[in-house]
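# Coordinates in review
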Amino acid sequence: GGVGQATIEIAKLMGARVIACASGADKLAVGRRLGADAVIDYNTEDLKDRLKALTGGRGVDVIFDVVGDRYTEPALRSIAWKGRYLVVGFAAGAIPKIPLNLVLLKGCDIRGVFWGAAVERDPAGYQRDMARLLGWIAEGRLQVLIHGEYPLAETAAALGELSGRRALGKVILRP
């Protein structure tokens, strides 16, 4: 989806090695097209084992999780010592319960990333970040993938694409 797309592109712009995790070949192909260095289909591969293998056993430094549900714990188990786990959303449905012993053993941080609260509580930081982001867009360094454009009368169909996790990019509603 759009958040995953932005995550890959921004992480690459910041110099990160990106491992994109998604469900299905279509989503993984988009991840590769956007610059992901490696991809994992978490519905057909063991997420923890593949992340560990792709990092030479070291673990992942930063996890950006918009999916949640049953994928959270294996992802957290793959985190590197002193890694950071960013909780962004729960697109897969259930809000996971996190075994805190993993946080202790990994010496990692778990941080919630809530855009609305960040805008309200740190307006100067928000303006700084938006200026940087809009600069990258103006320079053509970020892509905008459009999954579909829907007339307002077809809002239900557009929302179905989002809630069904089929959107491979932005979903646009127009009057």
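Residues numbered from 1 in each chain as written. Predicted model: local features only at pLDDT ≥ 70, side-chain atom pairs only at ≥ 80, totals over all residues. Heavy atoms only, no water.

### Overview of the overall build of the chain
Of regular secondary structure, the chain possesses eight helices and seven strands. Relative to the globule expectation of 16 Å for 175 residues, the C-alpha radius of gyration of the chain, 17 Å, shows essentially globular dimensions. Over its C-alpha atoms, taken along the principal directions, the chain stretches across nearly 50 × 40 × 30 Å. Taken over 175 residues, the chain has a buried fraction of 34%. (Helix = DSSP H or I, 4+ residues; strand = E, 2+ residues; numbered from the N terminus. Rg over C-alpha atoms; globule rule 2.2 N^0.38 Å. Buried < 20%, exposed > 50% of the residue type's maximum accessible area, 1.4 Å probe, protein only.)

### As for the sheet that holds strand 4 (residues 79–87)
Across the sheet, which stays open at both edges, the three strands sit in the order 3-4-5 with parallel pairing between neighbours. Two strands in the sheet have a free side with no partner beyond their single neighbour: strand 3 (60–65) and strand 5 (109–112). Averaged over neighbouring strand pairs, the angle between their axes works out to 15° when direction is ignored. (Pairing = 2+ DSSP bridges. Axes fitted to C-alpha atoms, helices over the stretch in contact; angles between N-to-C directions.)

### Some points on helix 3 (residues 47–54)
Turning to helix 3, its buried residues number three or more, namely Leu47, Leu51 and Leu54. Each buried residue of helix 3 lies within a common arc of 70° when the element is viewed along its axis, so the set occupies one face. Summarising the contacts, the buried residues of helix 3 are in contact with strand 1 (19–22), strand 2 (38–41), strand 3 and helix 4 (72–77). If you check the start of helix 3, you find a side-chain oxygen 3.3 Å away from the backbone N of Lys48, and it comes from Asp46. Looking one or two places after helix 3, you find Gly56, whose phi comes out positive at around 60°. (Arc of directions from axis to C-beta. Contact = heavy atoms within 4.5 Å. Polar contact = N/O pair within 3.5 Å; in protein donor to acceptor, adjacent residues only side chain to side chain.)

### Observations concerning the packing of aromatic side chains
The tally for this structure, following the rule as stated, stands at two aromatic pairs. Taking the centre distance of 4.1 Å and the plane angle of 40° together, the rings of Tyr42 and Tyr71 count as tilted. In this pair, Tyr42 is assigned in the loop between strand 2 and helix 3 and Tyr71 in the loop between strand 3 and helix 4, connecting sequence segments 29 residues apart. Grouping residues by exposure puts Tyr42 and Tyr71 together as buried. For the pair Trp115 and Tyr126, a centre-to-centre distance of 5.7 Å together with 80° between the ring planes defines the contact as edge-to-face. Of this pair, Trp115 sits in helix 6 (residues 115–121) while Tyr126 sits in helix 7 (residues 123–138), and the two are 11 residues apart along the sequence. On the accessibility criterion, Trp115 (53% relative accessible area) is exposed. (Phe/Tyr/Trp six-rings, centres within 6.5 Å; stacked < 30°, edge-to-face > 60°.)

### Some words on the pairing of strand 7 (residues 170–174)
Alignment of strand 6 (residues 146–151) against strand 7, held across five bridges, turns out to be parallel. By the bridge assignment for strand 7, Tyr150 is matched with Leu173. The β-α-β motif built from strand 6, the intervening helix 8 (residues 155–163) and the parallel element strand 7 has right-handed crossover chirality. (Right-handed = clockwise from strand over helix to strand, strands pointing away.)

### Digging into the pairing of strand 1
As paired strands, strand 1 and strand 2 are joined by four bridges and run parallel to one another. By the bridge assignment, Ala20 is partnered in strand 2 with Val39. In the classification by handedness, the crossover that spans strand 1, the intervening helix 2 (residues 25–33) and the parallel strand 2 is right-handed.

### Notes on the side chain of Lys27
Of note, Lys27 is situated in helix 2. For the buried Lys27, which has no salt bridge, the nearest side chain bearing the opposite charge is Asp41, at an N-O separation of 9.0 Å. Filtering out sequence-adjacent residues up to four positions away, Lys27 remains in contact with Ala22, Arg165 and Leu168. (Lys, Arg positive; Asp, Glu negative; His and termini not counted. Salt bridge = Lys/Arg side-chain N within 4 Å of Asp/Glu carboxyl O.)

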